[in-house]
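# Structural overview
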Amino acid sequence: MAHPPAGLRADARRNYERLLTEARAAFAAHGTDTSLEDVARRAGVGIGTLYRHFPNRHALMSAVFEDAVNDLLARSRELLTDPEPCAALVTWLREIVTHASEYRGLARALMSVSYDADSALARCSNPMRAAGAALLTRAQQAGTLRTDVSIGDLLQLTNAIALAAEETPDDPGLADRLLTLTLRGLKAVPQ
């Protein structure tokens, strides 16, 4: 979970965490334009408490995005011990697509609001690339994926697949088919 600001009292920390949990659920169910009053009500606090922790919608979206990314980073660390490096990478990429679909529009909304180096997108980019690179390197060293594949290209493809799936909600299997097709093209060819 995204860390609350240092120095918060225990009750304020609980409020922060409840707000973040409820915002994640609301954004996943209804998109980023969900009512902040509803998020506060579901968290059992007033709207003033929400605004004390998150001064605007962008701040709340950033915290939710970082929380989701932290889950993906934790998952990548777990998968580093998987005995099947290629399967571990595939699992992680599928989870990226799933997270992207759950928080439809979140990354796009953040991109449209902020391009600065301190944005949630910028802060999460390097750790995600490093996590993916570690999983990719294991699969390449195991001889299951081509060595000329870069993590940047693989993450771009994964994001494109997530976007295609978001734009085609009536085909729930699309993301999995596209990811499978992509990964088949990345398999190492025996020499």
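In this numbering scheme, every chain counts its residues from 1 along its sequence in written order. Where totals are concerned, whole chains, interfaces and linings use all residues; where local detail is concerned, this predicted model gives features only for residues with pLDDT of at least 70, and gives and counts side-chain atom pairs only at 80 or more. Side-chain figures throughout are based on the complete set of non-hydrogen atoms in the structure, without hydrogens or water.

### Quick look at the packing of helix H8 (residues 151-167) against helix H9 (residues 174-186)
What counts is decided by this rule: For helices, the axis comes from a line fit to the C-alpha atoms of the stretch in contact; other axes are also lines fit to C-alpha atoms, and the angle between any two N-to-C directions lies between 0 and 180 degrees. To qualify as a helix, a DSSP run of H or I must reach at least 4 residues; to qualify as a strand, a run of E must reach at least 2; elements of each kind are numbered from the N terminus. Under this scheme an angle from 65 to 115 degrees is roughly perpendicular, one under 35 degrees roughly parallel, and one over 145 degrees roughly antiparallel; angles in between are oblique. If you view the pair so one helix is near and one far, a crossing is left-handed when the near helix is turned anticlockwise from the far one by less than a right angle, and right-handed when it is turned clockwise. Every residue pair with non-hydrogen atoms within 4.5 Å of one another is taken to be in contact. Charged residues are taken to be Asp, Glu, Lys and Arg, nonpolar residues to be Ala, Val, Leu, Ile, Met, Phe, Trp, Tyr, Cys and Pro, and polar residues to be all remaining types, Gly included.
It is the contact of H8 with H9, at a shortest axis distance of 9 Å, that shows an interaxial angle of 155 degrees. The pairing of H8 with H9 is recorded here as roughly antiparallel in orientation. Like other packed secondary-structure pairs, H8 and H9 cross with a definite hand, here right-handed. Each of Leu154, Leu157, Ile161, Ala164 and Ala165 in H8 lies in contact with H9, whose residues at this interface are Leu174, Ala175, Leu178, Leu179, Thr182, Leu183 and Leu186. In terms of residue class, the contact of H8 with H9 is made up of 11 nonpolar, 1 polar and no charged.

### Observations concerning the confidence of the model for the protein
Our working rule: The pLDDT value tells you how sure the predictor is about a given residue, anywhere from 0 up to 100.
In this model, the protein carries a mean pLDDT of 85, and residues with pLDDT of at least 70 account for 85%. Of all the helices and strands in the protein, helix H6 (residues 106-113) carries the lowest mean pLDDT, 56, while helix H2 (residues 36-43) carries the highest, 96.

### What to know about the layout of surface pockets
Cut-off, in case you're wondering: Grid spacing is 1 Å over the protein atoms alone, the probe is 1.4 Å, and a cavity is where that probe fits but cannot get out, while a pocket is an open set with protein on both sides within 12 Å along at least five of seven lines and lining residues have an atom within 4 Å of a point. Grid points are joined across faces, edges and corners, and a volume is the space filled by probe spheres set on the points.
Of the volumes computed, that of the second largest pocket is approximately 160 Å³. Lining the second largest pocket are 10 residues, and of these Ser101, Ala165, Glu166, Thr168 and Pro169 sit closest to its centre. If you list the elements that add at least two residues to the lining of the second largest pocket, you get H8 and H9. Considering only residue class, the lining of the second largest pocket consists of 5 nonpolar, 2 polar and 3 charged.

### A look at the packing of helix H1 (residues 10-30) against helix H4 (residues 57-79)
Interhelical geometry of H1 versus H4 gives an angle of 85 degrees and a closest axis separation of 10 Å. Relative to H4, the element H1 is oriented roughly perpendicular. Residue-level contacts link Tyr16, Leu20, Ala23, Arg24 and Phe27 of H1 to Arg57, Leu60, Met61, Ala63, Val64, Asp67, Ala68 and Asp71 of H4. Of the residues contributing to the contact of H1 with H4, the split by class is 9 nonpolar, no polar and 4 charged.

### Here's the deal with the pattern of salt bridges
Pairing between side chains becomes possible if they bear opposite charge and their charged atoms approach one another. Quick note on the threshold: Just to be clear on terms, a salt bridge is a Lys or Arg side-chain nitrogen sitting within 4 Å of an Asp or Glu carboxyl oxygen.
Evaluation of the coordinates by the stated rule reveals 10 salt bridges. One salt bridge in this structure joins Asp176 and Arg94, with 2.4 Å as the shortest N-O distance. One end of the pair, Asp176, is in helix H9; the other, Arg94, is in helix H5 (residues 85-102), and 82 residues separate them in sequence. Residues joined in a network through salt bridges with shared partners are Arg24, Asp67 and Asp71.

### Notes on the nonpolar core
Let me state the cut-off plainly: Only buried residues count toward a nonpolar core. Its members are Ala, Val, Leu, Ile, Met, Phe, Trp, Tyr and Cys residues joined through side-chain atoms within 4.5 Å. Throughout, exposure labels follow a simple rule: accessible area from a 1.4 Å probe, protein chains only, divided by the maximum for the residue type, with under 20% read as buried, over 50% as exposed, and the rest as partly exposed.
Judged by nonpolar contacts, the single largest core of 31 residues is most densely connected at Trp92, Leu93 and Leu154. A total of 8 residues in this core trace back to one element, the largest contributor, which is H5. Apart from the residues lying within four places of it in its own chain, the contact partners of Leu154 are Leu89, Leu93, Leu136, Leu183 and Leu186. The next biggest cluster of nonpolar side chains, apart from the first, holds 17 residues, and it includes Leu19, Val39, Ala43 and Leu60.

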